[in-house]
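A look at the structure
Chain by chain, the residues run as shown.
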Amino acid sequence: MAKDDDRLLKELYNQGRPHEEEDPPEFSSMMEQARTSSRQKNADQRPLWFAAAAAVLLAVTMALIVMTPAGDKPDHRAEIAESVEPSPAATAVALENGEEWEELLEFADQIWEEEFPTDFLL
Amino acid sequence: MDELETQLQRLHKTSFQWALHCTGGRRQDAEDALQQAYEALLDGSATFEGRSSFKSFLFGVIRNKTRSLRRRKRLGRLVGLDRIDEPALNPRGTADLERMERQAAVRQAIATLSPRQRDVLELVFYHELTVEEAAEVMGVRLGTARTHYKRAKNTLRKQLMDGEIQWQKTTIGS
C-alpha cells in the first residue's frame, strides 16, 4: 500500500514538477568549449610553475654562494682525507717509528681547525 | 572519445535537467553550471574515485557548481532555489486543461516544500536515484536525506489531499 502511494506520488510529481523538460545544449559543443577552457587554464598556470622553479633555483644558488668560505683558500680535502684516515699499514709504520699518539691527535686537530675555522662553525 | 566523455554524453540530458532544477529553472545558469562541471571533470579538479555511482558523483559536481555560480553572481535572491517558475499554459482542450490544472496544483504543493525536500524528491522521483545516492549528491548524511524524503512525501501527500486532486489512481491518466 505504501509502495502504491509512493508510486502515485511519484507519478504526480513527475507530471507537475516545476521545470518542464528542456532540450540540453549540444553535447559536442559543450565538450569542445570545456576542452578549450581546460587547455587555457593549464596554459595560464604554466608561467606560475616557471616562476616558482626559477625562484627555487635562485634561492639554492644564493645559499651556495653564502655558505662558501671567502678567499682563495687552497683545497686541502684530498690531503686531509689521506692524513685523517691513514691506512693501517701507515699507522703501524708510524707507531713502529716511535711517534707518539699525542702528536697524531695534535696533527688531526690542526687539520680540523684549518678546514673548519671557528667563524664558519658560528 | 574516452570513457569519461562517453559517460557524460550518456547522462547529458538528465544532467541538464538536474542543473535546471538546481538553478530554479534558469536555462542560462543551468548551461553555465553544466559547462563548469564538464570543465572541472576534464581538467581534473573534480575526479571520480568510484565511491558512489558516476551519476550521483556528476550530480554532486553540478550541484556544487550551481551553488558556487550563485554565490559568485550574488544571485541568491534572484536565482534562489526557493523560486518556482510558472511555465506558460497553453491548453488545447478539456483534457489538456484538466491536466494543466492538476499540474498547477502539484506545483503549488511542491512549492510548499523546503529546498532540500524538493531536491530529494527531484533526485529520487524524477532522476530515479536511491535515497542513499541522493544523500551523496546533496552532501548530507543518509539519515538526513531519509528524513527530508519522508517529510517531503508526507507534506506533498497532505497538500494534494487537501487540494483539488483526488487521491486516487484515476486522477493520474493524462
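Everything discussed here concerns the structure shown above.
Below is a short write-up of the structure. Everything numeric in this text was worked out from a predicted model, so none of it was measured.

Comments concerning the overall build of chain A
Along chain A, the regular secondary structure elements total six helices and zero strands. Each helix and strand of chain A, ordered N terminal to C terminal, gives the series α-α-α-α-α-α. When the accessible surface of chain A is totalled, it reaches about 9,600 Å², and 61% of it is carbon and sulfur.

Structural notes on the environment of Gly143 of chain B
Inspection of the secondary structure assignment puts Gly143 of chain B in helix H9 (residues 142-162). When the C-alpha positions of Gly143 of chain B and Val131 of chain B are compared, they lie 9.4 Å apart, and in sequence the two are twelve residues distant.

Comments concerning the side chain of Lys153 of chain B
Tracing the backbone shows Lys153 of chain B in helix H9. Owing to a relative accessible area of 11%, Lys153 of chain B belongs among the buried residues under this scheme. At 2.9 Å, the side chain of Lys153 of chain B forms a polar contact with the side chain of Asp6 of chain A.

Quick notes on a negative patch on the surface
Residues and elements named next belong to chain A. On the surface, Glu102, Glu103, Glu106, Asp109 and Glu113 cluster together into a negatively charged patch. With respect to the element layout, Glu102 can be found in helix H5 (residues 101-115). Under the relative-accessibility criterion, Glu102 is labelled exposed at 55%.

So, a positive patch on the surface
Residues and elements named next belong to chain B. Positive charge collects at one region of the surface, where Arg67, Arg71, Arg72 and Arg116 lie side by side. Top contributing element to the positive patch by residue count: helix H4 (residues 54-73), with three residues. Within the secondary structure layout, Arg71 lies in helix H4.

Points about the interface of chain A and chain B
The interface is formed by 32 residues belonging to chain A together with 46 residues belonging to chain B. In total, chain A and chain B occlude about 3,900 Å² of area from one another, counting both sides; carbon and sulfur atoms represent 60% of this. Taken together, chain A and chain B are joined by six salt bridges. Across the pair Asp6 of chain A and Arg157 of chain B runs a salt bridge, and its minimum N-O distance is 3.6 Å. At the surface where chain A touches chain B, the tally comes to 16 residue pairs in polar contact (both at pLDDT 80 or more). Those elements that place two or more of their residues in the side of chain A that touches chain B are helix H1 (2-16) and helix H2 (27-67) of chain A. Among the elements that line the side of chain A that touches chain B, the one with the most residues is H1 of chain A, at 13 residues. When the residues that make up the side of chain A that touches chain B are grouped by side-chain class, the tally is eleven nonpolar, seven polar and 14 charged.

Reading guide: rules and limits
- Residues numbered from 1 in each chain as written.
- Chains lettered and ligands numbered in written order.
- Predicted model: local features only at pLDDT ≥ 70, side-chain atom pairs only at ≥ 80, totals over all residues.
- Heavy atoms only, no water.
- Helix = DSSP H or I, 4+ residues; strand = E, 2+ residues; numbered from the N terminus.
- Areas by Shrake-Rupley, 256 points an atom, 1.4 Å probe, with all protein chains shown as cover.
- Buried < 20%, exposed > 50% of the residue type's maximum accessible area, 1.4 Å probe, protein only.
- Polar contact = N/O pair within 3.5 Å; in protein donor to acceptor, adjacent residues only side chain to side chain.
- Patch = residues over 30% accessible without salt bridge, like charges linked within 9 Å, V, L, I, M, F, W, Y side chains within 5 Å.
- Salt bridge = Lys/Arg side-chain N within 4 Å of Asp/Glu carboxyl O.
- Lys, Arg positive; Asp, Glu negative; His and termini not counted.
- Charge placed at Lys NZ, Arg CZ, Asp CG, Glu CD.
- Contact = heavy atoms within 4.5 Å.
- Buried area = accessible area lost by both parts, 1.4 Å probe.
- Nonpolar A, V, L, I, M, F, W, Y, C, P; charged D, E, K, R; others polar.

Interpretation note: all reported values are geometric properties and have no functional meaning in isolation.
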